[in-house]
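Next come the chains, spelled out residue by residue.
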Amino acid sequence: MAEQRLKTSIAILGSGDVGATLAYTLLQNPICSEVILVDPKRELLEAQVRDLGDATYGGRAATKIRAGTHQEAGQADIVVITAGAKQKPDESRLSLLRRNLQILSSIFTSMSPISPHAILLLVANPVDILTYFARKLSGLPESQVLGTGTSLDSARLRGILAQKAQVSPSSIDAYVLGEHGESQFVAWSNASIGSTPLRLALSQHLTDEFKTDIETHTRGAAGAIIAAKGCTAYGIGNVAASICKYILFDSRTVRPLSFYQTSLGCCLSMPAVIGRKGILRAMPIQLDGDEQKLLEVCAEGLRAVIEGAEKELKADDELRHALEKHA
Ligand SMILES: NC(=O)C1=CN([C@@H]2O[C@H](COP(=O)(O)OP(=O)(O)OC[C@H]3O[C@@H](n4cnc5c(N)ncnc54)[C@H](O)[C@@H]3O)[C@@H](O)[C@H]2O)C=CC1
Ligand SMILES: CC(=O)C(=O)O
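What you see is a predicted model, and the numbers here were worked out from it, not measured in a lab.

## Here's the deal with the sheet that holds strand 10 (residues 192-193)
Stage number 1. Taken in spatial order, the three strands of this open sheet run 7-10-11, and their pairing is antiparallel. Lying at the two open borders of the sheet, with one neighbouring strand each, are strand 7 (172-173) and strand 11 (196-197).
Stage number 2. Sheet topology note: the strand 10/strand 11 ladder contains two bridges and is antiparallel. Within strand 11, the position partnered with I193 by the bridge is T196.

## A word on the site of ligand 1
Stage number 1. Around ligand 1, 29 residues are found, and the nearest of them are V18, D39, H70, A85 and V123.
Stage number 2. In the environment of ligand 1, an oxygen atom lies 2.7 Å from a nitrogen or oxygen atom belonging to the side chain of D39.
Stage number 3. V123 is positioned such that a nitrogen or oxygen atom in its backbone is 2.9 Å from a nitrogen atom of ligand 1.
Stage number 4. Look at ligand 1: alone it shows 860 Å² of surface, and the protein chains cover 90% of it.
Stage number 5. Mapping ligand 1 onto the cavity grids shows that it belongs to the largest pocket.

## What to know about the packing of aromatic side chains
Stage number 1. One pass over the structure, following the stated rule, counts two aromatic pairs.
Stage number 2. Aromatic side chains Y132 and F133 sit 5.2 Å apart centroid to centroid with 85 degrees between the ring planes, which places their arrangement in the edge-to-face category. Each member of the pair Y132 and F133 is classed as buried.
Stage number 3. A relative accessible area of 9% means that Y132 is categorised as buried.
Stage number 4. Here the aromatic cluster, defined as three or more aromatic residues joined through ring pairs, consists of Y132, F133 and Y260.

## Observations concerning the side chain of T21
Stage number 1. As for its position among the elements, T21 is in helix 2 (residues 17-28).
Stage number 2. Residue class for T21 comes out buried when judged on its relative accessible area of 13%.
Stage number 3. Residue contacts for T21: discarding those within four places in its chain leaves A233, Y234 and G237.

## Brief notes about the UniProt feature "active site" (unreviewed entry) in the chain
Stage number 1. Residues annotated in UniProt with the feature "active site" (unreviewed entry) correspond here to H180.
Stage number 2. Here H180 shows up in the loop between strand 8 (176-177) and strand 9 (185-186).
Stage number 3. Every residue in contact with H180, bar those within four places of it in the chain, is listed here: R93, N125, V127, D128, G149, T150 and D153.
Stage number 4. Polar side-chain contacts of H180 include one of 3.1 Å to the side chain of R93.

## With respect to the UniProt feature "domain: Lactate/malate dehydrogenase C-terminal" (unreviewed entry) in the chain
Stage number 1. Here, UniProt's "domain: Lactate/malate dehydrogenase C-terminal" (unreviewed entry) annotation points to residues 150-311.
Stage number 2. As annotated, residues 150-311 has a helix share of 49% and a strand share of 21%, and its two end C-alpha atoms lie 27 Å apart.

## Regarding the layout of surface pockets
Gaps between atoms show up when a probe of the same size as a water molecule is rolled over them.
Stage number 1. Considering only enclosed or pocket space, the largest pocket measures out at about 720 Å³ in volume.
Stage number 2. As for the largest pocket, its lining consists of 38 residues, and the residues nearest its centre are V18, T82, G84, A85 and K86.
Stage number 3. Elements supplying a minimum of two residues to the lining of the largest pocket: helix 2, helix 5 (97-111), helix 7 (151-165) and helix 9 (208-229).
Stage number 4. When its residues are assigned to classes, the lining of the largest pocket shows 17 nonpolar, 15 polar and six charged.

## Overview of the pattern of salt bridges
Close approach of charged atoms lets side chains of opposite charge pair.
Stage number 1. A full pass over the atoms with the stated rule returns nine salt bridges.
Stage number 2. In this structure, R276 engages D77 in a salt bridge whose closest nitrogen and oxygen atoms are separated by 3.0 Å. Note that R276 is positioned in the loop between strand 13 (266-275) and strand 14 (278-282) and D77 in the loop between helix 4 (70-73) and strand 4 (78-81), a separation of 199 residues in sequence.
Stage number 3. R252 serves as the salt-bridge partner of D250, at 3.2 Å between the closest nitrogen and oxygen.
Stage number 4. According to the relative accessible area criterion, D250 is partly exposed, its value standing at 29%.
Stage number 5. One network of salt bridges, in which partners are shared, links E34, R66 and E72.

## A short note on helix 2
Stage number 1. If you check helix 2, its first and last C-alpha atoms are 17 Å apart, about what twelve residues at 1.5 Å a residue would give, namely 16 Å.
Stage number 2. Of all the positions in helix 2, only G19, A20, T21, L22, A23, T25, L26 and L27 are classed as buried.
Stage number 3. If you follow the buried residues of helix 2, they end up packed against strand 1 (9-13), strand 2 (34-38), helix 3 (42-54), strand 3 (64-67), strand 4 and helix 10 (234-248).

## Some remarks on the pairing of strand 1
Across a regular strand the side chains alternate sides, sitting on one face of the sheet and then on the other.
Stage number 1. Within strand 1, five of the five residues are buried, which leaves the element mostly enclosed by the surrounding structure.
Stage number 2. With five bridges joining them, strand 1 and strand 2 adopt parallel strand pairing. In the sheet register, I12 faces strand 2, and the bridge partner there is L37.
Stage number 3. Strand direction decides the pairing type here: strand 1 and strand 4, joined by four bridges, are parallel. Among the inter-strand pairings, I12 is bridged to a residue of strand 4, identified as V80.

Conventions we followed
- Residues numbered from 1 in each chain as written.
- Chains lettered and ligands numbered in written order.
- Predicted model: local features only at pLDDT ≥ 70, side-chain atom pairs only at ≥ 80, totals over all residues.
- Heavy atoms only, no water.
- Pairing = 2+ DSSP bridges.
- Helix = DSSP H or I, 4+ residues; strand = E, 2+ residues; numbered from the N terminus.
- Near = heavy atom within 4 Å.
- Polar contact = N/O pair within 3.5 Å; in protein donor to acceptor, adjacent residues only side chain to side chain.
- Areas by Shrake-Rupley, 256 points an atom, 1.4 Å probe, with all protein chains shown as cover.
- 1 Å grid on protein atoms, 1.4 Å probe; cavity = no way out; pocket = protein on both sides within 12 Å on 5 of 7 lines; lining within 4 Å.
- Sits in = over half its atoms within 2 Å of the grid points.
- Phe/Tyr/Trp six-rings, centres within 6.5 Å; stacked < 30°, edge-to-face > 60°.
- Buried < 20%, exposed > 50% of the residue type's maximum accessible area, 1.4 Å probe, protein only.
- Contact = heavy atoms within 4.5 Å.
- UniProt positions renumbered as here; feature names shortened; annotations may be inferred.
- Points joined across faces, edges and corners; volume = space filled by probe spheres on them.
- Nonpolar A, V, L, I, M, F, W, Y, C, P; charged D, E, K, R; others polar.
- Salt bridge = Lys/Arg side-chain N within 4 Å of Asp/Glu carboxyl O.
- Expected span 1.5 Å × (residues − 1).

Quick look at the structure:
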């Protein structure tokens, strides 16, 4: 493991709120030898690297931080893409698509040729749609391209349920699945505390009203934080750093992550086993009838967005060529 740490690098594209917070989290909990930050805003990038560097002089300094180019990022073990516009208060994640797809395409052009071993972790929104297009733009095997998806929503869900049940969040096994966005849903039928099904562990609470309240809270959590402070960063920084650790340590942890669902024709979050080669396999989950319908509605919505984007892309020569390169 020590050998592995000496040789590993994580590139973070975008040194804004999310990229810098992820970098800080990786410096505080070292899992790789080097973090490379990349951003076309040179002044911001250099300031972030200096500021983050100041956090490494306390003695541990197991991970170094430096500014880098897109070309260098393309050779890293993990490439985390936080580059892109963020939502304004009351804006949906999907409204970012056009701008962030352009940025995504330019990133792959600048990184080319990307290492065939790189694992791509998409964070920028709308994360499920960008994960779908990153598969096409990168030319990497499907298993090596994943998005943080509903990992953050699931962490938020665990937090609320833990408070209700008065147990540690780590004892809660409950997933938000589907889109990291409006059509997400909670897989209540599979939720448990320890090995006790949630319907037994929280028997007095688990009414339809209680579930709806929690779903509304989970779905709206980002909007409320963005309205007050302009971004969300700590939660996603922690989630993305954990995913990087599962990859580099080949930990084979099960998490809800966004990856290509062959039967649904889009990327969305379902439970997956994650390790050194990315998504090692999907972990089957038995949804109840209502949840299955919600999954299908969610996939239908995402497919419609993809189809709309693909039509627009046909009118955009640069993007069309980028996508056709690996078709
Ligand atoms: N998936 C999730 O759960 C979450 C996703 N996000 C998303 O992450 C993205 C970033 O959010 P923030 O960091 O708050 O935004 P930000 O605006 O603070 O930072 C974005 C950075 O990307 C940079 N950038 C633009 N083009 C680039 C390129 N070609 N290469 C490298 N960097 C480039 C910009 O210069 C900027 O510094 C947004 O799309 C936001 O919606 C944010 C929180 C949670
Ligand atoms: C911004 C965002 O996607 C989130 O915090 O969930």
